[in-house]
Amino acid sequence: MQAFLKTGIAVAVMAASISAAQAREQLRIVGSSTVYPFSSYVAEELGATSDFPTPVIESTGSGGGMKLFCEGVGDNTPDISNASRRMKVSEFERCADNGVTDITEAKIGFDGIAFAQSVDNGDINLTREQIAMAVAAQVPVDGKLVDNPYMKWSDIDKSLPDRKITVYGPPSTSGTRDAFEELVMEVATEDMEGYGGEGYTNIRQDGHYIASGENDNLIIQKLTENTAAFGVFGYSFLEENADKVVGASIDGVEPEADAISSGEYPVSRSLFYYVKNQHKDDVPAQEAYNTLFMSEKMIGELGYLKGIGLIPLPKAEREALRQQVESRTQLTLADLKK
């Protein structure tokens, strides 16, 4: 009996040691380049005001972040994934297949997608249809779809600049790209003759649309070097670089905070991050990070994140979402299908 007890105690000690070895103080976050500045601000604040080390954040794009997040549960997988669009049903199912079965969704605010150019060019107003015709792989000509023949903006509409169509934008793994395709291309083309009553989202690959990685600051740099080009990126980067770039009005509405929060600006979307609740016990910093991020101090009307471009949600919605994250409400497939 004594030998049995000693063996049992040894096993318990060993298990505790293994658990301690798996525990991780530093939070690991991946995902959207648009959410990255907000997530980084919260991470720096957490590191400065708590005993937890500053979280590690990788800007991988929304799709890339979800792929890493859904790889499984364990020390070698991320604890949180940022996203500039909602998690897809296919991503939720992939998570479930890999054992990531307890996820909480945190919506943090609004953002607009800017279609911007160098300040050297001044203001411009574009319609979603004009933008779609500039970047679509195929366009309707005489009722039939053909490979996009437009080389200059003036080819689309003589009132537009006589400039070569060059658009620097996010790659296919980006949530910003997903939102651009849905809110600009799909909406513009769904009632257009030639597309069969369905929205068209295929982007041309002939050098006029240039996928420029997940670093929106790189797109800003390219616009200062090539002043004839346009760029696609989040509103927060437009606001931070107002001395370098200016956003086009889209369908007559300028990309401004009030217009984005009201929904008047036609290319606005919600921003999210997703929490892997199965890491709660092994990564204590996760809860502290959640509490800080969802606080009024960060996402409120007078919050720090508003100062760097986040558009706050209505107060009642913020309070409900804060409670949702605090109670770790489990995201379901039905939620994503609403």
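Residue indices begin from 1 for each chain and proceed along its sequence in written order. In keeping with the predicted nature of the model, local features appear solely for residues at pLDDT of at least 70, side-chain atom pairs appear and are counted solely at 80 or more, and the whole-chain, interface and lining totals rest on all residues. The side-chain figures draw on all heavy atoms in the structure; neither hydrogens nor water molecules are used.

- By the naming in an unreviewed UniProt entry, the protein is Phosphate-binding protein, taken from Cobetia crustatorum.

**What to know about the overall build of the protein**
- By the criteria applied, helices consist of DSSP H or I runs no shorter than four residues and strands consist of E runs no shorter than two, each listed in order from the N terminus. Scanning the protein from terminus to terminus reveals 14 helices and 13 strands.
- C-alpha atoms of the protein, sized along the principal axes, occupy 90 × 40 × 35 Å.
- When burial is assessed residue by residue, the protein has 51% of its 338 residues classed as buried.
- A separation of at least 24 residues holds for 73% of the contacts in the protein among residues at least 6 apart in sequence.
- All accessible areas in this document rest on Shrake-Rupley with a 1.4 Å probe, and a residue is counted as covered only by the protein chains that are shown. Total accessible area on the protein is roughly 15400 Å²; 50% of this is exposed by carbon and sulfur atoms. Between buried and exposed lies partly exposed: a residue is buried under 20% and exposed over 50% of the maximum accessible area for its type, with that area taken using a 1.4 Å probe on protein chains only. Residues count as neighbours in contact if any of their non-hydrogen atoms are within 4.5 Å of one another.

**Examining the packing of aromatic side chains**
- Classification of ring pairs uses Phe, Tyr and Trp, with its six-membered ring standing for Trp, and accepts pairs whose centres are within 6.5 Å; under 30 degrees between planes counts as stacked, over 60 as edge-to-face, and the remaining range as tilted. Within the structure shown, the criterion is met by nine aromatic pairs.
- Ring plane angle 75° and centroid distance 6.1 Å describe the contact between Phe115 and Trp153, whose orientation is recorded as edge-to-face. Taken together, the residues span a long stretch of sequence, with Phe115 in strand β4 (residues 103–118) and Trp153 in helix α6 (residues 153–156) at a distance of 38 residues.
- Given a relative accessible area of 2%, Phe115 falls into the buried group.
- A centroid spacing of 5.0 Å and a plane angle of 20° characterise the contact between Phe115 and Phe230, whose relative ring orientation is stacked. Here the residue Phe115 occupies a position in strand β4, and Phe230 occupies one in strand β10 (residues 230–234), the gap between them amounting to 115 residues.
- Among the aromatic residues, those joined into a cluster by ring pairs are Phe115, Trp153 and Phe230.
- The criterion for a charge sitting over a ring is simple: Lys NZ or Arg CZ within 6 Å of the ring centre, and within 35 degrees of the ring normal. Lying across the ring of Phe69, Lys276 places its NZ or CZ 4.8 Å from the centre.

**Some thoughts on the side chain of Ser33**
- Following the sequence through the fold, Ser33 ends up in the loop between β1 (28–31) and α2 (36–49).
- For Ser33, a relative accessible area of 5% puts it in the buried group.
- Here Ser33 is in contact with Ser59, Gly61, Glu214, Asp216 and Phe237, once residues within four sequence places are set aside.

**Here's the deal with the state of the cysteines**
- By convention in this document, the label disulfide applies to cysteine sulfur atom pairs within 2.5 Å. Evaluated as defined, the whole model comprises one disulfide.
- A sulfur-sulfur separation of 2.0 Å characterises the disulfide bridge that pairs Cys70 with Cys95. The disulfide joining Cys70 to Cys95 has a torsion of about -75° about its S-S bond and is therefore left-handed. One end of the pair, Cys70, is in the loop between α3 (62–69) and β3 (80–83); the other, Cys95, is in helix α4 (residues 89–97), and 25 residues separate them in sequence. The residues Cys70 and Cys95 share a single accessibility class, namely buried.

**A few points about the domain arrangement of the protein**
- What the domain assignment lists for the protein is domain 1 (28–111 + 269–337) and domain 2 (112–262).
- Taken together, the 21 residues of domain 1 in the interface contact 20 residues of domain 2.
- The term buried area refers to how much accessible surface (probe radius 1.4 Å) is lost by two components on association, counted for both of them together. Across the interface of domain 1 and domain 2, roughly 1400 Å² is buried in total on both sides, 52% from carbon and sulfur atoms.
- Contact with domain 2 buries area across many residues of domain 1, yet Asp111, Arg269 and Ile311 alone supply 34% of it, more than any other trio. Boundary definitions for the domains trace back to an automatic or database domain assignment.

**Considerations on helix α5 (residues 128–135)**
- The element α5 is largely enclosed, with a buried count of seven among its eight residues.
- Three or more residues of α5 are buried, namely Arg128, Gln130, Ile131, Ala132, Met133, Ala134 and Val135.

**Points about the nonpolar core**
- Definition of nonpolar core: a set of buried residues of the types Ala, Val, Leu, Ile, Met, Phe, Trp, Tyr and Cys, connected through side-chain atoms within 4.5 Å. Counting residues in hydrophobic clusters, the biggest one holds 78 residues, and the most contacted among them are Ile108, Phe115, Phe180, Phe233 and Tyr273.
- In terms of residue count, β4 provides more of this core than any other element does, seven residues in total.
- Here this core spans two domains, and each of domain 1 (28–111 + 269–337) and domain 2 (112–262) adds at least three residues to it.
- If you look at the next biggest cluster of nonpolar residues, it comprises 13 residues, including Met66, Phe69, Ala83 and Phe92.

**Some points on the confidence of the model for the protein**
- pLDDT measures the predictor's confidence residue by residue and takes values from 0 up to 100. With 93% of its residues at a pLDDT of 70 or more, the protein shows a mean pLDDT of 91.
- pLDDT under 50 marks residues 1–22. Its contacts with residues more than four places away, or in other chains, come to three contacts.

**Notes on a negative patch on the surface**
- Together, Asp123, Glu254, Glu256 and Asp258 give the surface a local cluster of negative charge.
- Position of Glu254 among the secondary structure elements: in the loop between β12 (249–250) and α10 (257–262). Here, patches come from residues exposed beyond 30% relative accessible area and free of salt bridges, joined within 9 Å for like charges and within 5 Å for nonpolar side chains (Val, Leu, Ile, Met, Phe, Trp, Tyr). Each reported salt bridge corresponds to a side-chain nitrogen of Lys or Arg within 4 Å of a carboxyl oxygen of Asp or Glu. Note that His is not counted, nor are the chain ends; the positive residues are Lys and Arg, and the negative ones are Asp and Glu. A charged residue contributes its charge at one atom only: NZ of Lys, CZ of Arg, CG of Asp or CD of Glu.

**Topic: the packing of α5 against helix α7 (residues 175–189)**
- Between N-to-C directions, angles cover 0 to 180 degrees, with each direction set by a line fitted to C-alpha atoms, over the stretch in contact for helices. Taken N-terminus to C-terminus, the directions of α5 and α7 make an angle of 100°; their axes are 8 Å apart at the nearest point. It follows from the interaxial angle that α5 and α7 lie roughly perpendicular. Contact with α5, carried on its side by Arg128, Glu129, Ile131, Ala132, Met133 and Val135, involves Phe180, Leu183, Val184, Met185, Val187, Ala188 and Thr189 of α7 and no other residues of that element. Here the word oblique covers every angle except those under 35 degrees (roughly parallel), over 145 (roughly antiparallel) and from 65 to 115 (roughly perpendicular).

**Notes on the pattern of salt bridges**
- Here the structure, examined in full by the defined rule, presents 19 salt bridges.
- Across the pair Arg85 and Asp178 runs a salt bridge, and its minimum N-O distance is 3.0 Å. In this pair, Arg85 is assigned in the loop between β3 and α4 and Asp178 in helix α7, connecting sequence segments 93 residues apart.
- According to the relative accessible area criterion, Arg85 is buried, its value standing at 10%.
- Of the charged contacts in the structure, one is a salt bridge between Lys107 and Glu317, with a shortest N-O distance of 2.8 Å. Taken together, the residues Lys107 in strand β4 and Glu317 in helix α13 (residues 315–326) connect sequence positions 210 residues apart.

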